[in-house]
Amino acid sequence: MSFTRRQILGGLVGLGVVGLGAGGARYWLGRSLDAKTHDYELIAAPLDLELVAGHTTPAWAYGGQAPGVELRSRQGDWLRVRFINKLDEPTTIHWHGIRVPLEMDGVPYVSQLPVLPGEYFDYRFKTDDAGSFWYHPHLSSAHQLGRGLVGPLIVEEREPTGFRHEKVLSLKTWHVDQEGAFTAFSVPREAAREGTRGRLTTINGKPLPTVELPAGQVVRLRILNLDNTVTYRLNLPGAEARIYSLDGHPVEPRNLGKEYWLGPGMRIELAIKVPAEGTELPLRNGPLRLATLKSVASSEAPGDWPAALPANPVPEPDLEKAEVLRFNFEWAATLASATGQPNNYWQINGKAWDINDKTCADRPIAKLKKDGHYIFELRNMAQYLHPIHLHGMAFKVLDSDRKSIIPYFTDTYLLGKNETARIALVADNPGIWMFHCHVIDHMETGLMAAIEVA
Ligand code: C2O
Ligand code: CU
Ligand code: CU
């Protein structure tokens, strides 16, 4: 699987102009538009942010925002993004959780060549699943994501749902000091443990924001973890909240309960019944406040819990005939820094991914038959959390030896300390798909592999 720069650029010529609007597609919550495409021009460029009052942070932004501008599509429609790289280094965009053809997956040297400074690349794909997704580069991830290249991608349901109100909350904990200067995105000692944490927790780029919600209404909260490292232990004490969707796939609505662990790359959609005007509720990470949800006057008639969201068209794996594959996620201290090689602290089935070796994807860790049914047994041999993510296909979480699971479809499963979990999928998307931990420090120090479907 390799191609030349010429082939890639040649591929762009025939594309023509896609009629881009200034800010992107028009969109109206809960109404169907006739538009069958949602077109954006998306620029990645440096941007000074004021994350710490009175100081600037030299961030990198998508569409003049970090986290990046919110992209919207509708289930069954096409999303077309002309991506322009105005950074001084190569990058790509990966569409996390969206089931795209390989050429649109944004993995350098596997899906496409890196988009060089000053170049553009047209991403075009159909959005078949409705839900909360996100986008980010897939190279130099620790610092590109760390500097702010992360953004939400929302795919609306084809038919209106019972939700009339929603908020998108993108979580990120920035690696900055008290003066807003960036600190190291990756420290070897931390990479070998839970990953390097930032210090400044933000929602939509703001520390401790107050989010206003209409009193008496039911609001859909789309909470996205766009952070490199942190697993947020989400809780909403005092709130009436129900889970409607996990990682872009609907679930049978159920109470949020005490706490939900949202690992890097994961998303959760909650419905919250907003209390009487003037009430303030904390959204927290464990005991720490992330935001204040404040109810404000609403003239609308009170809302009630909407029906469950419609399932996405993900093929159902047949567990009877599925082949079982085992994946061990191991800690492996092979400190190779003396030789100038990257440090490999992690491996899957005894193999570490080398982010500097462009040929790793030529040696897939597993080969799946197209349309074959598979069960993966995921085993965490260490005490640190690994949000395990697969590109190209959604998978169904079946069970775990550590917690009770109501089976559900997802693209990222948070594998806990020494946990073994089983997931299943139908390998319906041909290609070479990255399979990795979404703690960026882990993925860049070995915890990544390629899975071939052919
Ligand atoms: Cu969120 Cu390999 O990606
Ligand atoms: Cu992904
Ligand atoms: Cu990990």
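Note on numbering: residues in each chain are counted from 1, in written sequence order. Chains and ligands are labelled by the order in which they are written, letters from A for the one and numbers from 1 for the other. Per-residue local features are limited, in this predicted model, to residues with pLDDT of at least 70; the limit for side-chain atom pairs, both in listing and counting, is 80 or more; totals at the level of whole chains, interfaces and linings are taken over all residues. With hydrogens and water set aside, each side-chain value is computed from the structure's full complement of heavy atoms.

### Considerations on the sheet that holds strand E17 (residues 267-273)
Condition: Any two strands with at least two DSSP-identified bridges between them are counted as paired. By definition, any uninterrupted DSSP run of H or I lasting at least four residues is a helix, any uninterrupted run of E lasting at least two residues is a strand, and each is numbered from the N terminus. Geometry is summarised by axes, namely lines fitted to C-alpha atoms with helices restricted to the contacting stretch, and by angles between N-to-C directions that run from 0 to 180 degrees.
Pairing is mixed across the open sheet formed by six strands, whose spatial order is E10-E9-E12-E17-E14-E15. Each of the sheet's edge strands pairs with one partner strand only, and the pair in question is strand E10 (200-203) and strand E15 (249-255). The mean inter-strand angle of the sheet, taken between neighbouring strand axes irrespective of direction, is 25 degrees. Here strand E9 (residues 165-174) runs beside E10; their pairing, made up of four bridges, is antiparallel. Across the sheet, leucine 171 pairs through a bridge with isoleucine 203, a residue of E10.

### Observations regarding the UniProt feature "domain: Plastocyanin-like" (unreviewed entry) in the protein chain
As a reminder of what qualifies: UniProt positions are given in the numbering used here, feature names are shortened, and annotations may be inferred rather than shown by experiment.
Here, the residues flagged by UniProt with the feature "domain: Plastocyanin-like" (unreviewed entry) are residues 54-159 and 346-453. This span, residues 54-159, is 6% helix and 38% strand, and a straight line between its end C-alpha atoms measures 45 Å. Across residues 346-453, the secondary structure splits into 4% helix and 48% strand, with the terminal C-alpha atoms separated by 24 Å.

### Remarks on the confidence of the model for the protein chain
In plain terms, the rule: pLDDT measures how confident the predictor is about each residue, on a scale from 0 to 100. In what follows, a contact means two residues having at least one pair of non-hydrogen atoms within 4.5 Å.
Averaged over every residue, the pLDDT of the protein chain is 91; residues scoring 70 or more account for 90%. Confidence over residues 1-32 falls short of pLDDT 50; this stretch has 53 contacts with residues more than four positions distant or in other chains.

### As for the coordination of the copper ion (ligand 3)
Here is the rule: Coordination partners: N, O, S within 2.8 Å of the metal, 3.2 Å for Na, K and Ca; water not considered, so apparent gaps in a site are possible. Think of it in three bands: with a 1.4 Å probe and only protein chains considered, a residue is buried below 20% of the maximum accessible area for its type, exposed above 50%, and partly exposed in between.
The coordination sphere of the copper ion (ligand 3) contains the protein donors His386 (ND1), Cys437 (SG) and His442 (ND1), at a distance range of 1.9 to 2.1 Å. Donor residues for the copper ion (ligand 3) sit on one chain with the sequence pattern H-x50-C-x4-H. Of this pair, histidine 386 sits in strand E24 (residues 386-390) while cysteine 437 sits in strand E29 (residues 431-437), placing them 51 residues apart in sequence. Here histidine 386 matches cysteine 437 in class, with each residue buried.

### What about the pattern of salt bridges?
Convention followed: For this document, the term salt bridge refers to a Lys or Arg side-chain nitrogen within 4 Å of an Asp or Glu carboxyl oxygen.
Summed over the entire model, instances satisfying the criterion amount to 25 salt bridges. Note that aspartate 122 is salt-bridged to arginine 82, the shortest N-O span being 2.8 Å. Of this pair, aspartate 122 sits in strand E6 (residues 120-126) while arginine 82 sits in strand E4 (residues 78-85), placing them 40 residues apart in sequence. The pair formed by aspartate 122 and arginine 82 is uniform in burial state, with each residue classed as buried. Where lysine 126 meets aspartate 128, a salt bridge forms, and the shortest distance between an N and an O atom there is 3.0 Å.

### Concerning the side chain of threonine 412
What counts is decided by this rule: Pairs of N or O atoms within 3.5 Å make up the polar contacts considered here, provided that, within protein, one atom can donate a hydrogen while the other can accept it, and that residues adjacent in sequence are counted only when both atoms are side-chain atoms.
For threonine 412, the position within the fold is in strand E27 (residues 412-415). At a separation of 3.1 Å, a polar atom in the side chain of threonine 412 contacts the side chain of histidine 96. Residues within four places of threonine 412 in sequence aside, it is in contact with His96, Asp247, Pro264, Gly265, Met266, Arg267, Pro387, Ile388, His389 and Phe395.

### A short note on the coordination of the copper ion (ligand 2)
At 1.8 to 1.9 Å from the copper ion (ligand 2) lie its protein donor atoms, namely His94 (NE2) and His389 (NE2). With histidine 94 in strand E5 (residues 94-96) and histidine 389 in strand E24, this pair connects stretches of sequence that are 295 residues apart. Like histidine 94, the residue histidine 389 is buried in the burial classification.

### Focus on the sheet that holds E4
Strand order in the open sheet formed by four strands is E2-E1-E4-E6, and the pairing between neighbours is mixed. With partners counted over all chains shown, the strands left at the sheet margins are strand E2 (57-62) and E6, one partner each. Neighbour to neighbour, the strand axes of the sheet diverge by 20 degrees on average, direction disregarded. Taken together, the eight bridges between strand E1 (residues 37-49) and E4 define a ladder with parallel strand orientation. Bridging from a neighbouring strand, aspartate 39 pairs with arginine 80 of E4.

### As for the packing of aromatic side chains
For clarity, the cut-off: Aromatic rings from Phe, Tyr and Trp, taking only the six-membered ring of Trp, are treated as a pair when their centres fall within 6.5 Å; an angle between ring planes under 30 degrees marks them as stacked, one over 60 as edge-to-face, and anything in between as tilted. A ring is scored as having a charge over it whenever the NZ atom of a lysine or the CZ atom of an arginine sits within 6 Å of its centre and within 35 degrees of its normal.
This structure, assessed with the given rule, holds 14 aromatic pairs. On the numbers, 5.2 Å between centres and 75 degrees between planes, the contact of phenylalanine 163 with tyrosine 244 is edge-to-face. Residue phenylalanine 163 is found in the loop between strand E8 (151-156) and E9, and its partner tyrosine 244 is found in strand E14 (residues 240-246); the two are separated by 81 residues along the sequence. In textbook terms, an aromatic cluster arises when at least three aromatic residues are bridged by ring pairs, as seen for Tyr62, Phe83, Trp95, Phe121, Tyr123, Phe125 and Tyr135. Positioned above the aromatic ring of tryptophan 60 is the side chain of arginine 147, whose terminal nitrogen or guanidinium carbon lies 4.8 Å from the ring centre. One residue, lysine 172, lies across the ring of tryptophan 174, its end atom 4.8 Å from the ring centre.

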